[in-house]
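# Structural characterization, general
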Amino acid sequence: MTKAPGPAAASEPKVYGWCPGALHPMMSGDGLVLRIRAPQGRLSQDQARAIASLSERFGNGLIDLSARANLQLRGITADSYPALIAALQDLGLVDHDSAAEARRNVTLTPLWQPEDISHRIATQLEQALRDAQDLSLPGKFGFVVDAGESPRLRDCAGDIRIEASGAELLLLADGADYGKVVSAKTAAKAALDLARWFLQQGGAPEGRGRMQPLIARRGPPTSHITPRRTSTPSPMIGHCAIGQLVGLEFGQITAQALATLAEQGALRLTPWRMLLVEGARDLTARHLPGLILDARDPRLRVSACTGAPGCLQALSATRDLARDLARFVPEGQLLHVSGCAKGCAHPGPAPLVLTATAPDTFTLIHHGKAGDQPLRVSLRAGALRAAPQILTEGS
């Protein structure tokens, strides 16, 4: 689809080209946003409790879970930022070197078992990235380690992937259907070699760029000749072999709820708007108010960014509208409510999209992205609440 003319032009966003890392925070409408890349995507109970306390002490008590399984602390003030970073470094959650922290952008399948192939590769890769002082990658460039028997992270953003493909282990450039066979011992080094190939091929002019556009232009390296296999859908809320998966409304949790959840077990961060509580089996809504414990909950059929006023880019509030419309979204579909045309909460196409163009005013897009050509324009939030069938008319 093409970008919408006319009203949608009002929502032209500013593209920063980088993400708010711990040592490179980003200013938003509610203060600084600081992203934590927890090693192996895991928080011990003590670390989770400490993050909850730090969020309330130095921020606004709201914590986001990103699509790359990172935590984002919100509402941080400039004055409190140095003390917060020192505390996170003491917890082992932030590197002391800013360049190493920026490179260490690894998403590990949350279903790993201690010392299994995924866990070992991710640990080696994180250390190799810390040590690779010659490697200057774009801020959004990331790695995905999904080497379990059934890959589940195909929909997770990443530029270089290590995933199981039948009995083989493949290294893949994002956007390619063919990869290079590697082993558990060689995977981390091969991933860094592919990252250097990306830079040598001009994938990041002026320090920005992603793997997929480069592959679309020139194809993968000639050594990548093995086809990838099909993947397995992401798991649903509920029990799994590791513990219990708990959903977060719009991928956000309060500091108080995080502290309560940490009492139940160590936490694994996921790219699915869920936290995995290790060893848990009987969590209930009575123990965890505000969290989603039912895989049929309508809120799982909507996604929404922070919206105004929390985001400086957003032209309207988003989450109250998404919450109100959730029960009218047909099962099996997704409604994405975006505060601007960037579509940060759901960068890919969605069956139903509302993009803000002014306060409480949206365009409606079917089967597209937030910046695509709209089916309808100038829809008021009140009209959508009064007549939610508007969403699916003409689909």
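These remarks concern the structure in this document. (Residues numbered from 1 in each chain as written. Predicted model: local features only at pLDDT ≥ 70, side-chain atom pairs only at ≥ 80, totals over all residues. Heavy atoms only, no water.)

Let us look at the sheet that holds strand β11 (residues 226-227). Spatially, the six strands line up as an open sheet ordered β6-β7-β8-β9-β10-β11, and their pairing is mixed. A single partner strand is all that each edge strand has here, and the edge strands are β6 (106-108) and β11. Strand direction decides the pairing type here: strand β9 (residues 168-173) and strand β10 (residues 178-182), joined by three bridges, are antiparallel. Bridging across to β10, L169 finds its partner in V182. Docked against the sheet, helix α5 (residues 187-200) engages β7 (143-146), β8 (160-165), β9 and β10, running at close to 20° with respect to β9. (Pairing = 2+ DSSP bridges. Helix = DSSP H or I, 4+ residues; strand = E, 2+ residues; numbered from the N terminus. Contact = heavy atoms within 4.5 Å. Axes fitted to C-alpha atoms, helices over the stretch in contact; angles between N-to-C directions.)

Here we take up the nonpolar core. In this structure, I51, L88, I253, L261 and L275 are the most contacted members of the largest nonpolar core, which totals 39 residues. When residues no more than four places from it in sequence are discounted, the contact partners of L88 are L34, I36, I51, L54, L93 and V94. Counting residues in each nonpolar core, the second largest holds 34 residues, with L171, A188, A191 and I215 among its members. (Core = buried A, V, L, I, M, F, W, Y, C linked by side-chain atoms within 4.5 Å. Buried < 20%, exposed > 50% of the residue type's maximum accessible area, 1.4 Å probe, protein only.)

Looking at the secondary structure, you find Q333 in the loop between α8 (319-325) and β19 (335-338). Q333 sits in the partly exposed class, given a relative accessible area of 30%. Taking the C-alpha atoms as reference points, Q333 and H96, 237 residues apart in sequence, are found 43 Å from one another. When neighbours within four sequence positions are excluded, Q333 is seen to be in contact with R301, P351 and L352.

Moving on, we come to the side chain of S55. Tracing the chain through its elements places S55 in helix α1 (residues 45-58). If near-sequence neighbours (up to four positions away) are discounted, S55 is found in contact with N60, G61, L62, I63, L73 and A255.

Right, let's get into the pattern of salt bridges. A full pass over the atoms with the stated rule returns 23 salt bridges. Across the pair D30 and R74 runs a salt bridge whose closest N-O atoms are separated by 2.9 Å. Of this pair, D30 sits in the loop between β1 (26-28) and β2 (31-36) while R74 sits in strand β5 (residues 71-76); the two residues are 44 residues apart in sequence, bridging distant segments of the chain. In this structure, R49 and D46 form a salt bridge, with 2.8 Å as the shortest nitrogen-oxygen distance. Here the residue R49 and the residue D46 both occupy positions in helix α1, the gap between them amounting to three residues, near one helical turn. What you see here is one network of salt bridges that share partners, running through E249, D297, R299, D320 and R323. (Salt bridge = Lys/Arg side-chain N within 4 Å of Asp/Glu carboxyl O.)

Okay, the sheet that holds strand β4 (residues 62-65) next. Judged by pairing direction, the sheet is antiparallel, and its five strands sit side by side in the order β1-β2-β5-β4-β14 without closing on themselves. Looking at the sheet topology across the chains shown, the edges are occupied by β1 and β14 (252-254). If you compare each strand with its neighbour and ignore which way they point, the axes differ by 30° on average. Where β4 and β14 come together, three bridges link them in antiparallel fashion.

Next up on the list: the packing of α1 against helix α2 (residues 81-90). Where α1 contacts α2, the two axes come as close as 11 Å, and the packing angle between them is 175°. It follows that α1 is roughly antiparallel to α2 by the angle criterion. The segment α1 lies against α2, with I51, L54 and F58 engaging A83, L84, A87 and L88. Tallied by class, residues from the contact of α1 with α2 come to seven nonpolar, no polar and no charged. (Parallel < 35°, antiparallel > 145°, perpendicular 65-115°, else oblique. Nonpolar A, V, L, I, M, F, W, Y, C, P; charged D, E, K, R; others polar.)

Aromatic ring pairs: the centre-centre distance and the angle between the two ring planes describe each pair. Enumeration over the complete set of coordinates arrives at two aromatic pairs. Ring geometry for F141 and F143: centres 5.8 Å apart, planes at 70°, overall edge-to-face. Take F141 and F143: they sit in the same class, and that class is buried. A ring pair is formed by F141 and F198, whose centres lie 4.7 Å apart and whose planes are at 45°; its orientation type is tilted. (Phe/Tyr/Trp six-rings, centres within 6.5 Å; stacked < 30°, edge-to-face > 60°.)

With respect to the secondary-structure elements, L379 resides in strand β22 (residues 376-380). Separated by 209 residues in sequence, L379 and L170 place their C-alpha atoms 46 Å apart. If we ignore the near neighbours within four places in the chain, the residues touching L379 are D360, T361, F362, L364, L384 and I390.

Quick look at helix α4 (residues 117-131) now. Look at α4: 21 Å from first C-alpha to last across 15 residues, which is about the 21 Å you get at 1.5 Å a residue. For α4, the complete set of buried residues consists of S118, H119, I121, A122, L125, E126 and L129. Within α4, the buried residues cover an arc of 165° as seen down the axis, which keeps them to one side. If you follow the buried residues of α4, they end up packed against α3 (98-103), β6, β7, β8, β9 and α5. Where α4 begins, one side-chain oxygen reaches toward the backbone nitrogen of S118, 3.3 Å away; that side chain belongs to D116. (Expected span 1.5 Å × (residues − 1). Arc of directions from axis to C-beta. Polar contact = N/O pair within 3.5 Å; in protein donor to acceptor, adjacent residues only side chain to side chain.)

All right, on to the environment of L321 then. Mapping L321 onto the fold places it in helix α8. A C-alpha to C-alpha distance of 7.6 Å links L321 and R385, two positions 64 residues apart in sequence. Not counting residues up to four positions away in its chain, the partners in contact with L321 are V337, L354, F362, A381, L384 and R385.

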